[in-house]
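A closer look at the structure
Each chain, written out:
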Amino acid sequence: MTGVSPPLPTPTGRTVPADPAGRLVHGLAAALGAVVTGFVAMGVTAALGLWAAGATGLPGGGNAFTAVVAAAVVMAAGGQVGLAGDAGDLAGARAELTAMPLTVTLVGALVTGALFLRPLRHHAVARARDLLALAVPTVVLWLAALAGLSTLARHDFPLTLGGTQEVSGDLGDLVRQLMSAAHPTIGFRTDLGPTLFYGLLWILGVLVVAVLVSRRTPLPPRFVRHHQAVRPAASAALLLFLAYVSAGLLIGLVVAATKGHPAETFAVLLLGLPNVSWLALGVGIGGSWEGRAEGPFGLPMPQILDHVLRGGNGGKDLSTVDLSTLASYDGRAWWLLPIAVVLVLGAAVAMAVRSPARVRPWRHALHLGVAFAVAMLVIAPLTLVEARFGLSVIGIGDLEALGAVVLLRPQIWGLVGLSLLWGLVAGFLGGLLAAPLRHRAATDVP
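Everything numeric here is computed off the predicted structure, so don't read it as measured data.

Within the protein, the regular secondary structure consists of 13 helices and ten strands. Out of the 446 residues belonging to the protein, those deemed buried represent 46%. If you sum the accessible surface of the protein, you get close to 22,000 Å²; carbon and sulfur atoms cover 67% of it.

Below you can see the structure in the form of structure tokens.
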């Protein structure tokens, strides 16, 4: 009998279509599942975080909350959401926001990456066309879903006049009258072009990292020889960053249970946990951020970080966020250094144990140094936060009572250099420590 080729058997007993049409349908179904589940996971995480932050009380009710959740997911997927003010001819409103809710980002990346890899585990060997048959529809569907979600991420809010009570005297009366006539609003819109561009980079990065760190997913034959050098180091870097998130989650749950204000704590956990955890990693290895916080508004962040950012001339000057400045407000911040030593060294040992025994310690050092530096180069810029809002009336200038600035900017190249140094040292020590661990494991086998 001729015509359609029979399905190919796989080690798990399942079958994968051998004909191109069958592979296309199989890839589309798997891609659709990964994309839909990834966006649902991100939406649920963002909704819970914004609910904990009190976003359900925004003017506009359910429509406003839905729009804010959509905007959070778009930003988490690399999109750009711009703020715009409208105060008529008498007043002017200016606003901008650059930030990623990295908890939402991380959840989406883990779920999408895991589901993307799932069909590939059924292959004894992954050919390049097998990867493309799954990756191309995943990318296309992801961008289509991101574009559709961007249409929901738009809303306008009226500005209340409560803050103008701090402007006293005749000038205050005039400002309030003018504000009442202007009916100022603040709103947000998705910038579709940059959103699709950065969304493309986001999903491509997720898929590449997923393939690199997975030990069970086969690679095309031409890349197999790089498996031993790349995958243990890449998975060790991912393990390190996830370990910090896990530690931050545990600490956050303890704080929520014992220190009060659980809603605010859960808002931080569900929206910005990796932002804080990865900042702790960077600070622990000696890196720094700079920034400031001024005005009545802020972003979900630990109190100690808010204190440091407001410490430079009342938030008007830039403050440095590092071990010494954090410890000046809370001496427990010094624990970030020994925690970094333990976790980075633990990741190095895990990398060395998963590598072939013939790999020398200096190669472990090189592999982890490069992997840690590259990971920090990618992740550090994601912790950038820039939020500004200003309101002025007929040239009077920004009304301080209704203005706010939150800035947190990583010192990227310093962090990358320190990551390289820490990776080199930890990788070498991990290679030395892995030998007795392998020997002990071998002697324990009956």
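Let us now look at the environment of Ser-288. Among the structural elements, Ser-288 can be located in the loop between helix 8 (262-284) and strand 7 (289-294). Linking Ser-288 and Thr-325, residues 37 residues apart in sequence, is a C-alpha distance of 9.9 Å. Those residues in contact with Ser-288, other than ones at most four positions away along the chain, are Thr-320, Val-321, Asp-322, Pro-410, Gln-411 and Leu-415.

In the predicted model, the protein carries a mean pLDDT of 81, and the fraction of residues at 70 or more is 75%. Note on residues 394-401: pLDDT is under 50 here. Beyond four places in sequence and across chains, it has 19 contacts. Counted against residues more than four places away or in other chains, residues 441-446, with its pLDDT under 50, gives zero contacts.

What follows concerns the nonpolar core. Grouped together as the largest cluster of nonpolar side chains are 95 residues, with contacts concentrated most on Val-321 and Phe-372. At twelve residues, the largest contribution of residues to this core is made by helix 2 (residues 61-76). Excluding its chain neighbours within four sequence positions, the residues that come into contact with Phe-372 are Leu-240, Phe-241, Leu-281, Ile-285, Val-344, Ser-419, Trp-422 and Gly-423.

Residues Arg-118, Arg-121, Arg-215, Arg-216 and Arg-354 make up a contiguous surface patch of positive charge. In this structure, Arg-121 sits in the loop between helix 3 (102-117) and helix 4 (128-150).

This part takes up the packing of aromatic side chains. Inspection of the entire model under this criterion finds five aromatic pairs. Both rings, one in Phe-241 and one in Phe-372, keep their centres 6.2 Å apart while their planes meet at 75°; by these two values the pair is edge-to-face. With Phe-241 in helix 7 (residues 227-258) and Phe-372 in helix 12 (residues 361-379), the pair connects residues that are 131 residues apart, well separated along the chain. You can call Phe-241 buried: its relative accessible area is 3%. The class of Phe-372 is buried, set by a relative accessible area of 2%.

About the thresholds
Residues numbered from 1 in each chain as written. Predicted model: local features only at pLDDT ≥ 70, side-chain atom pairs only at ≥ 80, totals over all residues. Heavy atoms only, no water. Helix = DSSP H or I, 4+ residues; strand = E, 2+ residues; numbered from the N terminus. Buried < 20%, exposed > 50% of the residue type's maximum accessible area, 1.4 Å probe, protein only. Areas by Shrake-Rupley, 256 points an atom, 1.4 Å probe, with all protein chains shown as cover. Contact = heavy atoms within 4.5 Å. pLDDT = per-residue confidence, 0-100. Core = buried A, V, L, I, M, F, W, Y, C linked by side-chain atoms within 4.5 Å. Patch = residues over 30% accessible without salt bridge, like charges linked within 9 Å, V, L, I, M, F, W, Y side chains within 5 Å. Salt bridge = Lys/Arg side-chain N within 4 Å of Asp/Glu carboxyl O. Lys, Arg positive; Asp, Glu negative; His and termini not counted. Charge placed at Lys NZ, Arg CZ, Asp CG, Glu CD. Phe/Tyr/Trp six-rings, centres within 6.5 Å; stacked < 30°, edge-to-face > 60°.

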